[in-house]
Amino acid sequence: MATPAAMKHALSQQGRTPAQSQHGAAATPPVSTPFSAAHAAFSPHGPRSSPQQVKKSPATSVTLGRSSNTAVNFDSPSAAAMFGALQAGSEMDLGIQGLGGLGSLARSTEDERAKRLDEVIDILGRSRGLVSRAGLERYANSRLGLDVLWENPTTLIIAGSTLALDVFFKDNKHDIVDKVTLSFPDSTEMVNKHAAEAGQILLQDLKLEPNQSPLTKSLEKFATNFERLAALDKLSINPGLNLLEAVAGIYESLDRLHSWEVQKLRADPSLAGRSDAYIESLVLCTKSGHPAMNARHKVGLGIDYWKQRRLQPPPTAELAEYVARTQQIWTLRIGCAPLQDLAFGPVRISDKWISPEVEKMPLPGEMESGPSIDWLEPENTFIPPPDQDKAGSAHPLNPGAPLLPEVTFKATFDPPLTVSSYTWQQIAQLGCGLPVVNHDQAKSYDMIIFPAPPNYTPNPGEPRVITYTKNVPFTPLGKVELSLKSHTNNLYIQKTVYGYTLTELTFSHPRQIVSMLPYIRQYAFLSTLLDNSFRKPGPSYAPATKPTTASNRTTTNNADFTGLMREGKSQAAVQVKTEDMMDTDTMLTDNNNNNTSEDKDKDSLQIDIELDFAPEAGDFSLNVRPAPRLKIMFEFRPGQTGVVWLDIRENGQVHVESQNVLDESNAVAPNGRVRRVEDIGRLLEQMEDIGKFAEFLRSRWA
């Protein structure tokens, strides 16, 4: 006979309320009071008692407006407590209706949680994953909508309507990419001749770097490049519309124009003796730009239209290699996008956007005074008749007729460029499609370039000043070593001019892009000047006051000095080989000897700069084109303030409106060279830095 299991002694109930009793102890029956019933009815967590108890509660019936034949006893202590709570809520503007709002408060809390969850999912969704078999397959199929096929355990084929990418893994055990083959099966030679170069870029994006683990190899670089091709493939229609050929056709025409412009400049007697790098830079920054396919590890067509140190060709091979790695270049990335507005023309597949002669002479009666580019209008590209079974896809009047593609060309600004509202309208007048902007939320140009910190809210339309202190490297006259001079730069904005940031636009003819370049180069150069004069970390803000040229005594900015030294030994610095500016190419050379010293003059030079946008001098047409205007003020000589008014005109050309730094006393240099006012503008173009510009004038021309 089994021995009964020993019963467990019940835990002591001393000090516990009936509600805390364990099994074996009698529970207290729930008490339905007017207050507890009302709390249950309006609680965001739902009723705590059963539905039957809430329904039977007289407080619930009265509060919810339901009739009840049961007499309600309002003399009980619980009723007094309920009405006391309601009275306290009314003192806080929370009555019966306010209690009803507690449910919406709970709902809003849940909505906020759902919103935060969506934001987290969106952030995680931006990640393309890691380089692996599963990661590549998931990215190509799920995110890009391309077909994927495993030919064998080590070969993944990613295919679209116009492209095919074969990815070969090292073995079937490790996620290490060994080889990549990119092909465009149905494309012409003008597309396929760029396939090997683009495939090599994609391979570098997928291969492991030295000492890198497969667990940390991201798909981000690969995705950035491959998505340019995938976007064109997605909009293509096979057969009938190959957008890879459409982009390659633009490249063929612009490359022919670029070669013609280079040859023409080389034949210019005034440029005799200039290096090939100088000629190429001149075409890039003043003509039609430099079209390049798969350049600087970027897959696709890019049109370079501006670059830093454009007039400073590297004098040594070592410096040329450094500049190639660090030099910033402004580029337009050419692709395609869905046609949103019928006012802009669709894409046309052709490599004959320009005549074989490139140039044409003006006909009698035309306004042009000299030769111009001979642009052509290629024939329209039609896509085959759509499937008749698809409702609404055919032409409404002629169902069997071919259609124009609902795709147009797109240019993406790399990097984005901020321009004034005047230039924004100019670009729109060229026939380019710009994104829709909310003019009610427009910001001023300076507020976009130098955003206000969170704790600073400027009043619209009031003057503004931006102050920044930095060390400027320069070479004193008669010395070889580089010195650092402390500058306090003040940027004054007296008038509000609205601006917009160009990120992308659509166009139908490459002529529109070439016509736009002179205008956007103005702001590429202006942004370079402002960045070099007010370099990050961000500037300080203060109420605007009247500009003054009095120097303030400041200490050296150690952070800026450390950053300057960290930029590398090959940073270009001002150094003059002759006593004057006989050749501006000799003003700048590399600082490779580390002979850098602090300027013994510890007084900081104050430079006041006023930024405005004014019509170009002599422009009396109705289509006024305001150009960025800078007024630069600094101590030129002891007791004399130097003032230079200059405009940044098309193609970044600096035009001096007025100045007082060149007069009869210094019109002739010590070496006999006659100085000109134009030299002042060219000096700023050459240095691309207002601080170095001022130091050169003070040390050489004063």
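Caption draft 1: Representation of unusual backbone geometry within the structure. Of the consecutive residues asparagine 238 and proline 239, the connecting peptide bond is found in the cis state with omega at 0°. Residue placement: proline 239 occurs in the loop between α9 (220-235) and α10 (243-266). Note that the residue after aspartate 414, namely proline 415, is joined by a cis bond; omega there is 0°. Considering the arrangement of structural elements, one finds proline 415 in strand β10 (residues 407-420).

Caption draft 2: Examining the sheet that holds strand β2 (residues 155-159) more closely. Taken together, the 4 strands give an open sheet; going across it, the order is β1-β2-β3-β4, and neighbouring strands pair in antiparallel fashion. Unpaired on one side and paired on the other, β1 (147-152) and β4 (177-183) mark the two borders of the sheet. Here the strands of the sheet are splayed against their neighbours by 20° on average, with no regard to which way each runs. Where β2 meets strand β3 (residues 164-169), 5 bridges bridge the pair, whose relative direction is antiparallel. Within β3, the position partnered with threonine 155 by the bridge is phenylalanine 168. Against the sheet, helix α8 (residues 195-206) makes contact with β3 and β4, and its axis sits at roughly 150° relative to β4, the strand it touches most.

Caption draft 3: Representation of the nonpolar core in the model. Residues Phe226, Tyr305, Leu505 and Leu630 are the most contacted members of the largest nonpolar core, which totals 119 residues. Setting aside residues no more than four positions away along its own chain, tyrosine 305 makes contact with Leu284, Cys285, Trp330, Thr331, Leu332, Phe413, Leu417, Leu517, Ile520, Arg521 and Ala524.

Caption draft 4: Layout of the packing of aromatic side chains. Inspection of every chain in the model, using the stated rule, returns 12 aromatic pairs. Ring geometry for phenylalanine 409 versus phenylalanine 507: centroids 5.5 Å apart, planes at 20°, classification stacked. Of the two residues, phenylalanine 409 sits in strand β10 while phenylalanine 507 sits in strand β14 (residues 498-507), which places them 98 residues apart along the sequence. For the pair formed by phenylalanine 409 and phenylalanine 507, the shared burial category is buried. Aromatic pair tyrosine 523 and phenylalanine 613: ring centres 6.3 Å apart, planes at 20°, arrangement stacked. Of this pair, tyrosine 523 sits in helix α15 (residues 510-533) while phenylalanine 613 sits in strand β19 (residues 605-615), and the two are 90 residues apart along the sequence. Classification of tyrosine 523 by relative accessible area gives buried; the value is 0%. Site record: aromatic cluster; members linked through ring pairs are Tyr139, Phe222 and Phe226. Lysine 179 extends its terminal NZ or CZ atom over the ring of phenylalanine 168, reaching a point 5.5 Å from the ring centre. Note that arginine 310 overlies the ring of phenylalanine 525, its terminal NZ or CZ placed 5.0 Å from the centroid.

Caption draft 5: Region of the structure containing the pattern of salt bridges. In this structure the tally under the stated criterion is 26 salt bridges. A salt bridge links arginine 310 to glutamate 685, with the shortest nitrogen-to-oxygen separation between them at 3.9 Å. Of this pair, arginine 310 sits in the loop between β6 (301-307) and α12 (317-326) while glutamate 685 sits in helix α17 (residues 678-687), and the two are 375 residues apart along the sequence. Taken individually, arginine 310 and glutamate 685 each receive the classification buried, so the pair is uniform in this respect. In this structure, arginine 310 engages glutamate 688 in a salt bridge whose closest nitrogen and oxygen atoms are separated by 3.3 Å.

Caption draft 6: Representation of the sheet that holds strand β11 (residues 443-444) within the structure. Taken in spatial order, the 6 strands make up an open sheet running β5-β6-β7-β10-β14-β11, and their pairing is antiparallel. What marks the edges here is a single partner per strand, and that holds for β5 (290-293) and β11. Where β10 and β14 come together, 8 bridges link them in antiparallel fashion. Within β14, the position partnered with leucine 417 by the bridge is leucine 502. Relative to the sheet, helix α11 (residues 276-286) contacts β5 and β6, its axis offset from that of β6 by approximately 100°.

The rules behind the values
Residues numbered from 1 in each chain as written. Predicted model: local features only at pLDDT ≥ 70, side-chain atom pairs only at ≥ 80, totals over all residues. Heavy atoms only, no water. Helix = DSSP H or I, 4+ residues; strand = E, 2+ residues; numbered from the N terminus. Pairing = 2+ DSSP bridges. Axes fitted to C-alpha atoms, helices over the stretch in contact; angles between N-to-C directions. Contact = heavy atoms within 4.5 Å. Core = buried A, V, L, I, M, F, W, Y, C linked by side-chain atoms within 4.5 Å. Buried < 20%, exposed > 50% of the residue type's maximum accessible area, 1.4 Å probe, protein only. Phe/Tyr/Trp six-rings, centres within 6.5 Å; stacked < 30°, edge-to-face > 60°. Lys NZ or Arg CZ within 6 Å of the ring centre and 35° of its normal. Salt bridge = Lys/Arg side-chain N within 4 Å of Asp/Glu carboxyl O.

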